[in-house]
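Below, each chain spelled out in residue letters.
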Amino acid sequence: MHDRAKEASTKRFRSTMPKIQRLSPSLVNQIAAGEVIERPASVVKELIENAVDAGAERIDVAVEGGGSDLIRVVDNGRGIEPGELELAVASHATSKIASADDLFRVATMGFRGEALASIASVSRLVIRSRTARSELGARIEVVGGKASEVSPCGGPVGTTVEVRNLFFNTPVRRKFLRSVQTELGHVSEAFSRIALALPRVHFSLRHNERQVFDLPGPQGWLERIADVAGRPLADSLIWVESVDGDVCLSGYVAHPGQSRSHNRMQYLFLNGRHIRDRSLQHALSEAYRGLLMTGRYPIAFLALAMPPEMVDVNVHPTKLEVRFRDAGRLYSQLLSTLRKQFLSTDLTTRVESPDDEDPTQAHDPHQAASFRQQVVDWAKGEVESWGARPAAGTVDSPSAPSGSLELTRLDGRWAPAAGSDPDEPPGGAAGGDASSAPRRGPARAMQVHNRYIVAESDDGVMLIDQHALHERILYEQLRARVLAGVVESQSLLVPEPVDLSPAEAAAALEHRELLGRLGVKIEPFGGDTVLVAGYPAMLANLDPADVLHGVLEQLLSGGKLPDRRDLLDDLLHTVACKAAVKAGDRLTPEEVGALLEQRHLIDDPHHCPHGRPAALIFSREELDKRFRRV
Ligand code: ADP
Ligand code: MG
């Protein structure tokens, strides 16, 4: 009995004991493909890089179904000899390096000899190619890693690679693919990165017969940037360059008036290859320190040229990251180049953001005078509260000042909220006795520097950031309406077309329903244009294009699979931020009062949605201490 049990367990052990086996070459390639080929965009990247390495002057990319149905890359490079076609799709076969030493002076985009084999193992791949030396070209087809015979075919000098049904034999991978629009977004990003690095090459990208990009080549770098990233951005760029030893840094950085809420517009190119480098991105942020608000990222297109042996490009499967021999020196070079440039550039004159206006330099001399008068009056003790000064003619409507703030400012004024209490005193501030705390009624308050509100709080003094508070209020109101499903969307008589980047267009269409809940109704319009057909009534006086761009930027900067609730929340923040009064906006006393009515909102999280403090509170105790009263 005992023996038999032992025997059974040994048997079981034997039957589950794994055996070491050599993997079949096709499985090896599939595993390798797992690293390099994550999605259609990875195929596009590898194929374009091969075309560039082949010296092509023109590269045309066509994709269907976001790239999972078809990817075709046609180049006019030097082509592949018929006798080498089979090798081209074999793994670890490359014409670009021959020895280990070569690894440290790679001057081509590829060198691992893995891409075509990897792609071929997870798709149906066809290559047609001809070199100038042979009259006739040749064709090879590989299906799921199994290659056909090489057969002759006609065609111009150059190479055409077609990849169909990506991941057809790896269903799990296929399941990970996202919507057509999202995949197309990734494809255009991969395409743009290479196209941005190589303005000498003519590039085009089509999706389902629709032209996404047609970038003539050769063209100037700035022209290429304008064609890819848009003219307004290109117009705001500042040229920078420096040489340190063998390292040449050159390129464009954006004026601080142009920034993003994500760092994806920081393009770094090393010897013509797009790379990502945390340390250099950090140097970039350092250079902009103090020029951008927290949470904003600079935009840059920077090219580094250095001898190939100064960098190891063989540290990352897709070669996105590299290792510099002297990373520290590079960091300093980038930082000091930008700093020097910023010191010699007049950055202030071109800043368009109202956030950066000098509030004391009011444009309207009349306003400036009245501001000074307020200070004088206050100093003379003539008014108890600056905020309480009823401005003649502006408070004749009983409902005007005291109700909760409406979401819109019509013609730059607050729209009076309906249903406010007419018994409340006008002006939003009634002086009153400080000792009557606690209270939530009118507070004694004033606006300073057109951006802060100084208010008496229950037990001290509050300094409130007017933008942060208003943003918070709008956010709460908007959220309540969205959750209740009552965002009034107003149909536009003439739907407004808005031009977007390919990635933005993809995101807009993918999240159509979500945008609809915010009251933004959009329709596809062909190309990267969408039609805004309906718009939240409460945002009526904001430019739909502006709001849409802001919301999409938020969508695109989200993680891979943002939780829908978080996403909605982010969008609400974005809309609230756009709609809120800005620093630099002069507020009427009524507006100050109305804002303060909702100030309980900042007691709670103390922060505006972006994480900046909305209010600083000095308790009376602390003030007493500081003034050495106690
Ligand atoms: P790698 O680019 O790392 O060498 P690939 O698998 O991408 O590896 O390509 C294998 C080889 O096939 C290349 O080294 C090159 O000789 C050849 N090849 C691939 N694509 C092209 C192309 N578009 N034009 C000319 N030759 C090509
Ligand atoms: Mg390659």
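What you are looking at is a predicted structure, and each value in this text was computed from that prediction instead of being measured. (Residues numbered from 1 in each chain as written. Chains lettered and ligands numbered in written order. Predicted model: local features only at pLDDT ≥ 70, side-chain atom pairs only at ≥ 80, totals over all residues. Heavy atoms only, no water.)

Novice: Any chance you could explain the overall build of the chain here in plain terms?
Specialist: When helices and strands are tallied, the chain shows 20 helices and 25 strands. In the chain, buried positions account for 47% of the 630 residues. Counted over contacts in the chain with a minimum sequence separation of 6, partners at least 24 positions apart contribute 68%. (Helix = DSSP H or I, 4+ residues; strand = E, 2+ residues; numbered from the N terminus. Buried < 20%, exposed > 50% of the residue type's maximum accessible area, 1.4 Å probe, protein only. Contact = heavy atoms within 4.5 Å.)

Novice: Just to check I follow, could you spell out the packing of helix α7 (residues 180–197) against helix α8 (residues 221–229) for this structure?
Specialist: The N-to-C vectors of α7 and α8 enclose an angle of 165°; their axes lie 9 Å apart at closest approach. In terms of axis orientation, α7 runs roughly antiparallel to α8. For the element pair α7 and α8, the recorded crossing hand is right-handed. Contacts from Ser192, Ala195 and Leu196 of α7 reach α8 at Trp221, Arg224, Ile225 and Val228. Taken together, the residues that form the contact of α7 with α8 break down as 5 nonpolar, 1 polar and 1 charged. (Axes fitted to C-alpha atoms, helices over the stretch in contact; angles between N-to-C directions. Parallel < 35°, antiparallel > 145°, perpendicular 65-115°, else oblique. Left-handed = near helix turned anticlockwise from the far one by under 90°. Nonpolar A, V, L, I, M, F, W, Y, C, P; charged D, E, K, R; others polar.)

Novice: Where do I start with the site of ligand 1 in this structure?
Specialist: The immediate surroundings of ligand 1 are formed by 19 residues, with Asn50, Thr94, Ser95, Lys96 and Gly113 found nearest. Between Lys96 and ligand 1, the recorded distance is 2.6 Å, taken from a side-chain N or O atom to an oxygen atom. Between a nitrogen atom of ligand 1 and a side-chain N or O atom of Thr159, the distance comes to 3.3 Å. Contact with the protein chains removes 92% of the 520 Å² of surface that ligand 1 exposes when unbound. Here ligand 1 is seated within the second largest pocket. Contributions of two or more residues to the shell around ligand 1 are made by α3 (40–53) and α5 (115–121). Here the residues of the shell around ligand 1 are counted per class, giving 8 nonpolar, 7 polar and 4 charged. (Near = heavy atom within 4 Å. Polar contact = N/O pair within 3.5 Å; in protein donor to acceptor, adjacent residues only side chain to side chain. Areas by Shrake-Rupley, 256 points an atom, 1.4 Å probe, with all protein chains shown as cover. 1 Å grid on protein atoms, 1.4 Å probe; cavity = no way out; pocket = protein on both sides within 12 Å on 5 of 7 lines; lining within 4 Å. Sits in = over half its atoms within 2 Å of the grid points.)

Novice: I would appreciate a short explanation of empty space enclosed by the protein in the present structure.
Specialist: Over the atoms rolls a probe the size of a water molecule, and its path tells where empty space is left. Enumeration over the complete set of coordinates arrives at 1 cavity of 30 Å³ or more. One number sums up the size of the largest cavity: a volume of about 40 Å³. As for the largest cavity, its lining consists of Leu249, Leu268, Leu280, Leu304, Leu330, Gln333 and Leu334. Tallying contributions element by element places helix α11 (residues 327–344) first for the lining of the largest cavity, with 3 residues. A per-class count over the lining of the largest cavity returns 6 nonpolar, 1 polar and no charged. (Points joined across faces, edges and corners; volume = space filled by probe spheres on them.)

Novice: What's the story with the environment of Glu241 in this structure? I'm lost.
Specialist: Among the structural elements, Glu241 can be located in strand β10 (residues 237–244). Along the sequence, Glu241 and Gly251 sit 10 residues apart, while their C-alpha atoms lie 6.5 Å from each other. Beyond its immediate sequence surroundings of up to four residues, Glu241 is in contact with Leu249, Ser250 and Thr337. A polar contact of 3.1 Å, which involves the side chain of Glu241, links it to the side chain of Trp239.

Novice: Help me out: how do you make sense of the sheet that holds strand β25 (residues 615–619) in this one?
Specialist: Consider a sheet: its strands pair through backbone hydrogen bonds, and that pairing is either parallel or antiparallel. Pairing is antiparallel across the open sheet formed by 4 strands, whose spatial order is β19-β20-β21-β25. Whereas interior strands pair on both sides, the edge strands pair on one side only; in this sheet they are β19 (445–448) and β25. Across this sheet, the average inter-strand angle for adjacent strands is 20°, counted without regard to direction. Looking at chain direction, strand β20 (residues 452–457) and strand β21 (residues 460–465) are connected through 6 bridges and run antiparallel. Following the sheet pairing, Ile453 is matched in β21 by Ile464. Running at roughly 60° to β20, helix α18 (residues 589–597) makes contact with β19, β20 and β21 of the sheet. (Pairing = 2+ DSSP bridges.)

Novice: Would you explain the layout of surface pockets in this entry?
Specialist: Estimated volume of the second largest pocket: approximately 750 Å³. Taken together, 35 residues make up the lining of the second largest pocket; nearest its centre are Asn50, Ile80, Ser95, Lys96 and Leu116. Broken down by secondary-structure element, the contributors of at least two residues to the lining of the second largest pocket are α3, β2 (70–75), α4 (85–88), α5 and β7 (158–164). Taken together, the residues of the lining of the second largest pocket break down into 17 nonpolar, 8 polar and 10 charged.

Novice: Even after reading the chapter, I still don't get the sheet that holds strand β24 (residues 529–536), so can you show me in this structure?
Specialist: An order of β22-β24-β23 is seen for the 3 strands of this open sheet, with the pairing classed as antiparallel. Where the open sheet ends on each side, the last strands, each with one partner, are β22 (489–499) and β23 (521–524). Strand-to-strand, the axes of this sheet are offset by a mean angle of 20°, without reference to chain direction. Pairing of β22 with β24, which is carried by 7 bridges, proceeds in the antiparallel orientation. Within β24, the position partnered with Val498 by the bridge is Val530. Lying on the sheet, helix α16 (residues 544–557) is in contact with β22, β23 and β24; it crosses β22 at an angle near 70°.

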